[in-house]
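Residue-level structural notes
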Amino acid sequence: MNKKHLFDYIISIADNSLILAQRLGELCGHGPTLETDIAGTNIALDLIGQTRNYYQYAAQIQGEGKTEDDLAFLRLEREYKNVLLVEQPNEHFGYVMGRQFLFDVYHLLFMNELLKSKDETLAAIAKKGIKEVSYHKRFSGDWVKRLGDGTEESNQKMQEAIDELWAYTDELFDQPEADKTMIAEGVAVDTLKFKETYYEEVSTLLKEANLQVPESKYFIRGGKTGVHSEFMGYILSDMQYMQRTYPNMEW
Amino acid sequence: MNKKHLFDYIISIADNSLILAQRLGELCGHGPTLETDIAGTNIALDLIGQTRNYYQYAAQIQGEGKTEDDLAFLRLEREYKNVLLVEQPNEHFGYVMGRQFLFDVYHLLFMNELLKSKDETLAAIAKKGIKEVSYHKRFSGDWVKRLGDGTEESNQKMQEAIDELWAYTDELFDQPEADKTMIAEGVAVDTLKFKETYYEEVSTLLKEANLQVPESKYFIRGGKTGVHSEFMGYILSDMQYMQRTYPNMEW
Amino acid sequence: MSNEQIKNLEEIFEARIARDEKIEPKDWMPEKYRKTHIRQMSQHAHSEIVGMLPEGNWISRAPSLRRKAALLAKVQDEAGHGLYLYSACETLGISRDELYEQLHSGKAKYSSIFNYPTVTWADMGAIGWLVDGAAIINQVPLCNTSFGPYARAMVRVCKEESFHQRQGFEIMHKLCNGTPEQKDMAQDALNRWWWPSLMMLGPTDAESIHTEQSMKWKLKRKSNDELRQQFIDQTVPQADVLGLTIPDKDLKWNEEKGSYDFGEIDWDEFWQVVKGHGPSNKKRMKARVGAWEEGAWVRDAAMAHAEKKEANKLKKAI
Amino acid sequence: MSNEQIKNLEEIFEARIARDEKIEPKDWMPEKYRKTHIRQMSQHAHSEIVGMLPEGNWISRAPSLRRKAALLAKVQDEAGHGLYLYSACETLGISRDELYEQLHSGKAKYSSIFNYPTVTWADMGAIGWLVDGAAIINQVPLCNTSFGPYARAMVRVCKEESFHQRQGFEIMHKLCNGTPEQKDMAQDALNRWWWPSLMMLGPTDAESIHTEQSMKWKLKRKSNDELRQQFIDQTVPQADVLGLTIPDKDLKWNEEKGSYDFGEIDWDEFWQVVKGHGPSNKKRMKARVGAWEEGAWVRDAAMAHAEKKEANKLKKAI
């Protein structure tokens with residue numbers, strides 16, 4: 001087993017949840033209703049919980065005595081491997097729900113496969129997470145439907161969000177070297193297996209939501225190789241602020 | 001001469017310019033016209049130039065081998081002593097010009113007094129800065145007039161900005177302990193000497209700009225004692241990012 | 001109804017309260033009771049909602065994953081409290097939209113302490129420890145208040161608040177047992193939050209309105225000054241445990257009265273903040289009003305969608 | 001004018017250009033000359049304006065005061081370049097508002113390299129060194145182009161660009177002589193900016209339109225492929241000085257032709273970005289359109305104010 005690849009693989013999964021939770025956390029107290037604030041916080045909490053499990057495991061694999069917080073807060077931007085989708089800004093509630101939905105559909109398919117991983121820790125994390133992620137997907141999917149099939153304005157806004165965020169979906173299925181090795185070992189999820197299902201599921205719901213399925217064949221990628229959008233630097237400068245400013249302390 | 005007080009005094013002047021420049025820098029490329037982008041950048045550049053002179057001098061007074069960048073980038077939030085006015089956000093161009101104008105009128109009066117400081121370095125920095133600051137004041141004053149006496153919408157927006165920013169003007173004249181000692185020594189500027197002139201000048205221009213002079217007697221303070229608004233933390237997390245993330249390097 | 005009849009009803013009503021019976025939304029109640037409850041419960045609800053903001057300010061910057069999760073959970077609880085308090089108000093025949101409108105227009109108040117900025121991480125500790133501490137002192141007696149929905153909401157709220165209070169104390173404890181920088185941060189937070197926390201318990205009895213009637217309705221069981229004294233007496237020993245100094249040079253144990261004497265509160269500051277001119281009032285209101293206005297299209301869409309679904313159901317049924 | 005007359009004018013016009021005389025805005029010129037110049041100059045102006053954004057992204061995070069000032073000054077220069085290039089366009093009878101409208105609607109293009117994100121501080125070095133380096137190679141020949149205002153603008157632009165290019169190289173040099181982390185940052189920036197810089201010199205000659213006519217008008221003096229070769233030959237030795245590796249395994253000195261051979265450019269990527277689907281196209285356009293729309297009330301106010309002042313002057317004069 002290639003430890004470095006396993007470590008890289010776990011980190012890339014964890015980073016998705018961390019950065020998405022960070023984005024959701026920014027919204028707390030600023031959403032359109034109290035109920036959505038509560039639900040958004042719930043999703044963020046679930047994601048952070050998953051993230052902590054992944055980082056703890058990754059730190060153990062790495063064996064350098066690092067903590068979950070070292071991994072979460074003390075890497076350089078180029079070392080974060082989350083997909084570009086999750087770092088996109090909270091432009092408006094339609095974006096937030098669109099981003100969430102496009103991730104959740106992937107995430108649930110992913111978790112269902114990770115459940116079968118030969119790595120028992122990963123399988124256990126997946127087992128614990130599946131229920132949470134199913135709930136996320138139902139929540140975001142319902143909102144995409146409400147907004148898509150709500151008023152004319154909400155339909156337009158939701159469509160705009162989907163059109164823009166669509167460009168980040170293909171990257172979800174990219175398999176960097178670490179992934180490939182780990183797939184071969186039966187540890188990692190072969191995302192290509194469910195790529196088609198993903199687009200089918202997404203398209204079905206979009207149609208139900210009275211939205212057009214984007215036809216663009218141009219996709220943007222980079223996050224999985226650590227080349228992020230310009231939004232990422234600002235996410236990190238806030239997120240890392242305390243750990244960078246007060247190094248080596250406990251909180 | 002109390003070195004600590006002199007140091008504190010210089011830092012408090014420098015921080016005003018630094019944080020205001022930081023706010024102006026955020027705007028670059030996002031202003032209403034190319035010409036205002038250029039002018040805004042110019043003002044930011046002047047302020048950073050002044051800031052560097054102050055910090056260099058402060059570092060020398062301190063005598064601990066620190067650099068201008070250590071002082072600019074590596075203090076804790078509570079150690080920055082800029083007034084709350086300069087850290088207020090760029091809500092819209094009326095705010096930006098209002099903030100600038102309310103600061104510039106003060107700044108020019110301040111510089112004219114600093115010119116007479118017994119401290120030759122401070123007097124020299126003032127001498128160099130006066131022309132720059134006069135230009136800033138003309139620029140921001142002209143815009144306050146344009147917006148105040150422009151359209152109905154611009155008048156409203158400008159009034160709103162002045163009404164809000166007004167609460168931060170009184171702090172400009174606060175004299176913490178370091179200031180008092182340095183005033184007694186003939187080094188620092190006794191801001192109370194020109195407080196009345198300040199409000200007269202500002203009021204005259206506001207009236208000329210077809211704006212109401214706010215009557216509120218409630219003022220907000222805190223910056224001069226290092227208790228900043230919630231905006232400050234975010235300013236610093238970006239501003240300090242590189243120095244915190246890559247400590248002890250040269251750029 | 002004749003005045004006579006109303007007077008009878010009022011007497012029966014007051015007698016029920018005196019017997020510690022709960023008043024439920026469908027029961028007859030005097031108009032003033034209804035209004036006073038709407039005012040106090042909505043003020044409480046607004047405080048929860050506005051109170052999410054100063055802490056929300058540190059979610060993105062929490063120093064560890066564990067703390068980030070705890071802070072998210074805490075802010076979420078506050079949203080939850082807001083939610084049941086608004087619901088309790090709604091049982092008295094006012095809509096949530098009307099309540100928001102009162103908040104946004106400045107007609108309704110919220111706890112003035114949330115108009116102070118959270119400037120360091122230690123403020124997350126100080127708010128939990130002091131602000132939630134003071135809130136509990138205010139709220140515990142309300143678990144036995146006369147209006148049923150409010151009393152039941154308070155039971156749940158108090159349970160969670162006391163968890164938050166312990167969590168805040170634990171943040172402070174960690175800081176006080178950390179590096180000198182961390183301890184400084186904790187002391188600084190105490191210095192900034194101490195006096196506003198005392199103010200949070202309301203104006204001195206001499207200046208306080210509504211008190212007598214509220215006592216009768218068990219909406220208030222102790223005076224502001226009594227609550228304040230209780231808060232101080234409870235908190236000073238906790239500061240000792242932390243090794244922190246209460247920023248009040250006049251604070252002194254008074255053996256005779258068995259409680260602490262303390263310094264004079266700057267009531268000018270209190271009224272400045274209450275009247276809307278505190279350090280963060282504008283920011284808080286902009287955040288709330290902004291969230292509401294920017295969310296309008298979302299709420300409209302949800303409504304439109306629900307109506308469509310309802311119409312479709314009908315169509316299918318016919 | 002008869003076709004005959006026009007043909008005469010055109011011949012005279014072409015002869016003037018051939019004699020290296022400058023064409024000035026008031027001179028007669030063929031419609032196509034005017035249009036081509038508006039297109040090219042405005043594209044250049046738009047590139048300056050959009051080009052402010054990727055670098056503007058690091059102003060708030062520059063690692064030292066000196067660098068912050070230099071970066072501000074550089075972005076300011078770009079605004080200045082934009083300003084005189086727009087003015088040069090305006091001499092051909094098109095307004096700045098129309099030019100902006102073309103940019104915002106996507107009708108007009110700008111240099112596609114600005115659609116890549118600036119992800120580390122080293123990108124400030126790489127952009128100065130590589131992007132400004134490539135720009136200079138493109139622009140130096142234009143100092144002798146036939147249209148007077150464009151040629152004169154280019155003289156000034158080139159002088160400043162070459163200052164920027166040196167400044168960018170100096171940033172890289174500092175990083176390459178710093179810590180291993182800094183050197184890595186520099187290498188990473190080169191890796192990411194190298195290929196887009198090559199693309200910046202335009203499609204291969206085979207795919208390039210407008211070339212022949214542009215050559216005649218001295219709007220173009222070398223082909224894209226020639227310029228690209230020149231850029232590579234100039235830049236590779238600079239990378240050697242820095243101790244950085246050009247990310248092209250096929251890069252090799254060709255003794256025979258006296259220049260470098262290099263690997264294949266990913267033209268699919270180029271066209272994706274040109275067509276609006278690069279990593280930051282949306283972000284750039286949102287920033288520009290956003291600035292324009294949010295600034296409308298400011299421009300309206302300035303106009304209204306100027307008119308009032310004018311009217312007052314008139315009133316006083318009467």
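Residues numbered from 1 in each chain as written. Chains lettered and ligands numbered in written order. Predicted model: local features only at pLDDT ≥ 70, side-chain atom pairs only at ≥ 80, totals over all residues. Heavy atoms only, no water.

Secondary structure summary: chain C contains twelve helices and two strands in total. Element order for chain C, N to C, with α for helix and β for strand: α-α-α-α-α-α-α-α-α-β-β-α-α-α. Taken over the C-alpha trace, chain C has a radius of gyration of 22 Å; the compact-globule value for 318 residues is 20 Å, and the two agree within 12%. By principal-axis analysis of the C-alpha atoms, chain C measures approximately 75 × 50 × 30 Å. (Helix = DSSP H or I, 4+ residues; strand = E, 2+ residues; numbered from the N terminus. Rg over C-alpha atoms; globule rule 2.2 N^0.38 Å.)

Let's shift gears to the overall build of chain A. Along the backbone of chain A there are eleven helices and zero strands. Counted from the first residue to the last, chain A has its helices and strands arranged as α-α-α-α-α-α-α-α-α-α-α. Along the three orthogonal principal directions, the C-alpha set of chain A runs to about 55 × 40 × 30 Å. Burial analysis of chain A (251 residues in total) assigns 65% to the buried set. Considering only intrachain contacts with a sequence separation of at least 6, the fraction spanning at least 24 residues in chain A is 80%. As displayed, chain A has an accessible area near 9,200 Å², and 49% of this comes from carbon and sulfur atoms. (Buried < 20%, exposed > 50% of the residue type's maximum accessible area, 1.4 Å probe, protein only. Contact = heavy atoms within 4.5 Å. Areas by Shrake-Rupley, 256 points an atom, 1.4 Å probe, with all protein chains shown as cover.)

Residue and element names in this part refer to chain A. Here Asn 155 lies in helix α7 (residues 152–166). By relative accessible area, Asn 155 is classed as buried at 19%. In this structure Asn 155 touches Leu 147, Gly 148, Ala 209, Asn 210 and Leu 211, once residues within four positions along its chain are discounted.

Here we take up the interface of chain A and chain C. Tallying the contact residues gives 47 residues for chain A and 47 residues for chain C. Buried area between chain A and chain C, both sides added, is near 4,000 Å², and the carbon and sulfur share of it is 70%. On the chain A side of the contact with chain C, Leu 34, Met 242 and Trp 251 of chain A bury the most area, a combined 18% of that side's loss. Connecting chain A to chain C are three salt bridges. Linking Asp 149 of chain A and Lys 308 of chain C is a salt bridge whose minimum nitrogen-to-oxygen distance equals 3.1 Å. (Buried area = accessible area lost by both parts, 1.4 Å probe. Salt bridge = Lys/Arg side-chain N within 4 Å of Asp/Glu carboxyl O.)

On to the domain arrangement of chain C. Residues and elements named next belong to chain C. The domain architecture assigned to chain C consists of domain 1 (3–278) and domain 2 (279–317). The C-alpha-based centres of domain 1 and domain 2 are spaced at 29 Å. Taken together, the contact between domain 1 and domain 2 spans 17 residues of the former and nine residues of the latter. Summed over both sides, the interface of domain 1 with domain 2 buries roughly 1,300 Å², with 62% coming from carbon and sulfur. The largest contributions to the domain 1 side of the interface with domain 2 come from Leu 53, His 104 and Gly 278, which together make up 38% of the buried area. Connecting domain 1 to domain 2 are zero salt bridges. For the interface between domain 1 and domain 2, the tally reads six residue pairs in polar contact (both at pLDDT 80 or more). Those elements that place two or more of their residues in the side of domain 1 that touches domain 2 are α2 (31–56), α4 (96–104) and α10 (267–277). Each residue belonging to the side of domain 1 that touches domain 2 can be placed in one class, and the counts come to eleven nonpolar, five polar and one charged. (Domains from an automatic or database assignment. Polar contact = N/O pair within 3.5 Å; in protein donor to acceptor, adjacent residues only side chain to side chain. Nonpolar A, V, L, I, M, F, W, Y, C, P; charged D, E, K, R; others polar.)

Turning to unusual backbone geometry, a few remarks are in order. In this structure, Asn 248 of chain B takes a positive phi of about 60° despite not being glycine. Structurally, the position occupied by Asn 248 of chain B is in the segment after α11 (241–245). With a phi close to 65°, Asp 20 of chain D is a non-glycine residue in the positive phi region. With respect to the helices and strands, the residue Asp 20 of chain D is situated in the loop between α1 (3–18) and α2 (31–56). Judged by relative accessible area, which is 49%, Asp 20 of chain D ranks as partly exposed.

Once that is clear, we can look at helix α11 (residues 281–294) of chain C. Its 14 residues give α11 of chain C an end-to-end C-alpha distance of 20 Å, which sits within 8% of 20 Å, the value for a rise of 1.5 Å per residue. Buried within α11 of chain C are the following residues: Asn 281, Arg 284, Met 285, Ala 287, Arg 288, Val 289, Gly 290, Ala 291 and Trp 292 of chain C. Contact partners of the buried residues in α11 of chain C: α10 (230–239) of chain B together with α2, α4, α10 and α12 (296–317) of chain C. (Expected span 1.5 Å × (residues − 1).)

Moving on, we get to the side chain of Asp 37 of chain B. Inspection of the secondary structure puts Asp 37 of chain B in helix α2 (residues 34–62). Buried within the structure, Asp 37 of chain B lacks any salt-bridge partner; Arg 288 of chain D is the closest side chain of opposite charge, at an N-O distance of 4.7 Å. Other than its neighbours up to four places away in sequence, Asp 37 of chain B contacts Leu 27, Cys 28, Gly 29, His 30 and Gly 31 of chain B together with Met 52 of chain D. (Lys, Arg positive; Asp, Glu negative; His and termini not counted.)

Our focus in this paragraph is the pattern of salt bridges. Evaluation of the coordinates by the stated rule reveals 81 salt bridges over all chains. Notably, a salt bridge pairs Glu 113 of chain B with Lys 116 of chain B, separated by 3.0 Å at the nearest N-O pair. Through salt bridges with shared partners, one network takes in Arg 78 of chain A together with Asp 123, Asp 188 and Arg 192 of chain D.

Taken as a whole and judged by the stated rule, the model has 48 aromatic pairs over all chains. Taken together, a centroid distance of 6.1 Å and an interplanar angle of 70° make the contact between Trp 129 of chain C and Phe 169 of chain C edge-to-face. Of this pair, Trp 129 of chain C sits in helix α5 (residues 122–139) while Phe 169 of chain C sits in helix α6 (residues 148–176); the two residues are 40 residues apart in sequence, bridging distant segments of the chain. What makes Trp 129 of chain C buried here is its relative accessible area of 1%. Here the aromatic cluster, defined as three or more aromatic residues joined through ring pairs, consists of Phe 103, Tyr 106, Phe 110, Trp 166, Phe 173, Phe 194, Tyr 198 and Tyr 199 of chain A. Above the plane of the ring of Trp 143 of chain B lies Arg 146 of chain B, whose end atom (NZ or CZ) is 4.6 Å from the centre. (Phe/Tyr/Trp six-rings, centres within 6.5 Å; stacked < 30°, edge-to-face > 60°. Lys NZ or Arg CZ within 6 Å of the ring centre and 35° of its normal.)

Our focus in this paragraph is the interface of chain C and chain B. Listed by partner, the interface residues are 20 residues for chain C and 17 residues for chain B. In total, about 1,500 Å² of surface goes out of reach between chain C and chain B, with carbon and sulfur atoms giving 52% of it. For the pair chain C and chain B, the interface holds five salt bridges. A salt bridge links Lys 283 of chain C to Glu 230 of chain B; its shortest N-O distance comes to 2.8 Å. If you look at where chain C meets chain B, you find nine residue pairs in polar contact (both at pLDDT 80 or more). Going through the elements one at a time, α7 (180–200), α10 and α11 of chain C are the ones with two or more residues in the side of chain C that touches chain B. No other element matches α11 of chain C, which puts four residues into the side of chain C that touches chain B. Tallied by class, residues from the side of chain C that touches chain B come to five nonpolar, seven polar and eight charged.

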